[in-house]
Amino acid sequence: AVVSTQSTGVLSCMCNGEDGESKCPMLSHIQSLLNAFNGVWFICGNVWGYRVFSTVVYDDATSEFYCDKTAYLLAFWCITAAYIMLGALCVIGLLVCICAICFS
């Protein structure tokens, strides 16, 4: 997912002209495909990460449910942090809308 996100940034830098116009007409389609891939990958990560939360084993490497503790907790908290940021963004947006309505 990180590779596809970085590649869209590199592609947009390479394909933009001096006037800001895109020299690559297919770039927006490629970026849309990569963004869709990122969304699907994020949802898969949610399913894989949260589904095994209560069954993951950190000690026994021979267990069917073994996972490296650092790798699992990093993935789990990255996903959780994304939801926390999304929730905070929604609350801030709602507050801005309420303030705009109240002070207009």
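Up top is the structure.
Residues numbered from 1 in each chain as written. Predicted model: local features only at pLDDT ≥ 70, side-chain atom pairs only at ≥ 80, totals over all residues. Heavy atoms only, no water.

Remarks on helix 3 (residues 69–102)
Spanning 34 residues, helix 3 covers 48 Å between terminal C-alpha atoms, matching the ideal 50 Å at 1.5 Å per step. Those residues of helix 3 lying buried are Y72, F76, I79 and T80. Of the surrounding elements, those touching the buried residues of helix 3 are helix 2 (27–51). (Helix = DSSP H or I, 4+ residues; strand = E, 2+ residues; numbered from the N terminus. Expected span 1.5 Å × (residues − 1). Buried < 20%, exposed > 50% of the residue type's maximum accessible area, 1.4 Å probe, protein only. Contact = heavy atoms within 4.5 Å.)

Points about the packing of aromatic side chains
A complete count under the given rule lists eight aromatic pairs for this structure. Consider the rings of F53 and F76, whose centres lie 4.8 Å apart with planes at 20°: the pair is stacked. Remark: F76 occurs in helix 3 and F53 occurs in the loop between helix 2 and helix 3; sequence separation between them is 23 residues. For F53, a relative accessible area of 45% gives the class partly exposed. Arranged with centres 6.4 Å apart and planes meeting at 50°, the rings of Y58 and Y72 form a pair that is tilted. Here Y72 lies in helix 3 and Y58 lies in the loop between helix 2 and helix 3, a separation of 14 residues in the sequence. What makes Y58 partly exposed here is its relative accessible area of 28%. With a relative accessible area of 7%, Y72 lands in the buried category. Through a chain of ring-to-ring contacts, three or more aromatic side chains come together here, namely Y50, F53, Y58, Y72, F76 and W77. (Phe/Tyr/Trp six-rings, centres within 6.5 Å; stacked < 30°, edge-to-face > 60°.)

Examining the state of the cysteines
The full count for this structure, using the stated rule, is zero disulfides. Sulfur of C97: no disulfide; nearest cysteine sulfur belongs to C99 and is 9.5 Å away. Look at C97 and you get partly exposed, because its relative accessible area is 47%. (Disulfide = S-S within 2.5 Å.)

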